[in-house]
Amino acid sequence: MTSKGSRTNAVHGGTKRSQWGELSEAIFLTQGFAYDSAEQAEARFLKSGPDEFIYARYGNPTVAMFEERIALLEGAEDAFATASGMAAVNGALTSCLKAGDRVVAAKALFGSCLYILESILPRYGVEVVFIDGGDLAAWEEALAPGATAVFFESMSNPTLEIVDIEGVAKLAHAAGAIVIVDNVFSTPVYSDAIAQGADVVVYSATKHIDGQGRALGGVILGTREFIRGTVEPYMKHTGGSMSPFTAWIMLKGLETIDLRVRAQTVSAKAIAEAVSTHAKVTRVSYPGLESHAQHALAQRQLGAGGTMVAFEIDGGKEAAFRFCNALEIILISNNLGDAKSIATHPATTTHQRLSLEQRADLGISDGLIRLSVGIEDTDDLVADVLQALDAC
Ligand SMILES: *Cc1c(COP(=O)(O)O)cnc(C)c1O
């Protein structure tokens, strides 16, 4: 079969139909599988083929459909679906690391990713070095003694700085390290991470893949050898597998992800443009604006600005709270990638646990607002943001 476009793959990729020929993907809500004979059970435990299942923690037909569909979209050889985004991040790292290994990571990370790298891995004898992910010279220096893996978020949370996947991958590969990229903010729609040099890509499927706020999930993508040889044995024995019901939600999410994310991006750009001239806004970070320090890199790496916008309001926490409380359509929450637009005040929520110095170092000021732009009408969203800014 000739290769298909990503929207075709998002709708049809990986579909397996039962004898009933159901149009929508079936949910196989089963933990186990019955065998025709004792001989068949023995053979399957010896070596099971791609459409042969043993136990839902090892694999399930609905989960396999999701894995095949997301692998097609990402341009990866294979995928393993996980119970949450954090199960994916932990699985990708822990399955391939051992005592004595060295990891170089960008310091601007989602809080739970930071916890794994800063607090868990060192307990098992893994050395972790944190650097400024946007600084290629810092990567080169930190990688000079050699490393087993590098880890970074390709677009940082919440300040939306871009890490150059191609540039870091070249340095990492020269140092003998595998490149693990948390690509949530870039989304599978704009990602070309594997072609750009990433060895392993992880997503929290909770975000744009579900896209409608229903379920936690995650996925690890990479070569067949890495996914089936390294990740699968770790995940299937440690219990972080995705449930069939969640896989069905994520399959349905993938059907519309391209439409949603592109619509969200149009509105995100409109909001970023509108706030950039507002008197109460002191700084705007949106990779799709020419004023973004890495606009050219964002264009090369993603071809778009994405669905998130960050901006700083004059007047610190009080003004930021007045802004959030004045919003009429946009909801106050800490999630992202949802069909519903969401405003977050990182300093008092997602990044509350960081010290003042750490927050200052990462550019998370008390006036910073992070918007996850949804699929509502662009004009309504722009108007809501501007009226809330006028009110603060
Ligand atoms: C949300 C998120 C995660 C964790 O995903 P969960 O599904 O909440 O476990 C990891 N990395 C990034 C960048 C995220 O935004």
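From a predicted model like this one, the values you see are computed outputs, not experimental measurements.

**Q** Quick question: what am I supposed to make of the pairing of strand 4 (residues 149-153) here?
**A** Regular strands show a simple pattern: their side chains alternate between the two faces of the sheet. Most of strand 4 sits inside the fold, with five of its five residues counted as buried. On strand 4, burial covers both faces: Ala149, Phe151 and Glu153 on one face and Val150 and Phe152 on the other are all buried. Two elements, strand 2 (residues 102-106) and strand 4, share three bridges in a ladder whose sense is parallel. Residue pairing across strands places Ala105 opposite Phe151, the latter belonging to strand 4. Where strand 4 and strand 5 (residues 178-182) come together, five bridges link them in parallel fashion. Paired with Phe152 across the bridge in strand 5 is Val181. Between strand 4 and its parallel partner strand 5, the chain crosses via helix 7 (residues 165-174), and the hand of that crossover is right-handed.

**Q** Is there a simple way to think about the site of the ligand in this case?
**A** Near the ligand you find 14 residues, and of these Gly85, Asp182, Ser204, Thr206 and Lys207 are the closest. Between Thr206 and the ligand, the recorded distance is 2.5 Å, taken from a side-chain N or O atom to an oxygen atom. Considering the ligand on its own, with 380 Å² of exposed area, one finds that the protein chains cover 92% of that surface. Partitioned by chemical class, the residues of the shell around the ligand number six nonpolar, five polar and three charged.

**Q** I keep staring at the pattern of salt bridges and nothing clicks. Help me out?
**A** Pairing between side chains becomes possible if they bear opposite charge and their charged atoms approach one another. Taken as a whole and assessed by the stated rule, the structure comprises 18 salt bridges. One salt bridge connects Glu68 with Lys16, and the closest N-O pair in it is separated by 3.0 Å. Here Glu68, found in helix 3 (residues 61-74), pairs with Lys16, found in the loop between helix 1 (6-12) and helix 2 (38-46); they are 52 residues apart in sequence, far enough to count as distant. Classification of Lys16 by relative accessible area gives partly exposed; the value is 25%. In this structure, Arg224 and Asp78 form a salt bridge, with 3.3 Å as the shortest nitrogen-oxygen distance.

**Q** What exactly am I supposed to notice about the domain arrangement of the protein chain here?
**A** Each assigned domain of the protein chain is listed here: domain 1 (6-253) and domain 2 (257-391). Its C-alpha centre places domain 1 at a distance of 27 Å from the equivalent point of domain 2. Here domain 1 and domain 2 share an interface that buries about 3,200 Å² over both sides, 59% of which is from carbon and sulfur atoms. Considering only the side of domain 1, the residues that lose the most area to domain 2 are Ile162, Tyr190 and His208, jointly responsible for 23% of the buried surface there. Along the contact surface separating domain 1 from domain 2 lie two salt bridges. We note a salt bridge from Arg300 to Asp164, for which the minimum N-O separation is 3.8 Å. Seen at the junction of domain 1 and domain 2, the total is 16 residue pairs in polar contact (both at pLDDT 80 or more). Those elements that place two or more of their residues in the side of domain 1 that touches domain 2 are helix 1, helix 5 (111-120) and helix 8 (187-190). The greatest single-element share of the side of domain 1 that touches domain 2, amounting to four residues, is contributed by helix 8.

**Q** How should the sheet that holds strand 8 (residues 281-285) be read in this particular structure?
**A** The strands making up a sheet associate through hydrogen bonds between their backbones, and the pairing can be parallel or antiparallel. One open sheet holds the five strands; their spatial order is 8-9-12-11-10, and the pairing between them is mixed. One side of each edge strand has no neighbouring strand; the edge strands of this open sheet are strand 8 and strand 10 (331-332). Both strand 10 and strand 11 (residues 342-344) contribute to a ladder of two bridges, which runs parallel. Residue pairing in the sheet places Ile332 in a bridge with Ala343 of strand 11. Along the sheet, helix 10 (residues 244-276) contacts strand 8, strand 9 (308-313) and strand 12 (368-372); its crossing angle with strand 8, the most-contacted strand, is approximately 155°. Lying over the sheet, helix 12 (residues 316-326) contacts strand 9, strand 10 and strand 12, oriented at roughly 130° with respect to strand 9.

Basis of the calculations
Residues numbered from 1 in each chain as written. Predicted model: local features only at pLDDT ≥ 70, side-chain atom pairs only at ≥ 80, totals over all residues. Heavy atoms only, no water. Buried < 20%, exposed > 50% of the residue type's maximum accessible area, 1.4 Å probe, protein only. Helix = DSSP H or I, 4+ residues; strand = E, 2+ residues; numbered from the N terminus. Pairing = 2+ DSSP bridges. Right-handed = clockwise from strand over helix to strand, strands pointing away. Near = heavy atom within 4 Å. Polar contact = N/O pair within 3.5 Å; in protein donor to acceptor, adjacent residues only side chain to side chain. Areas by Shrake-Rupley, 256 points an atom, 1.4 Å probe, with all protein chains shown as cover. Nonpolar A, V, L, I, M, F, W, Y, C, P; charged D, E, K, R; others polar. Salt bridge = Lys/Arg side-chain N within 4 Å of Asp/Glu carboxyl O. Domains from an automatic or database assignment. Buried area = accessible area lost by both parts, 1.4 Å probe. Contact = heavy atoms within 4.5 Å. Axes fitted to C-alpha atoms, helices over the stretch in contact; angles between N-to-C directions.

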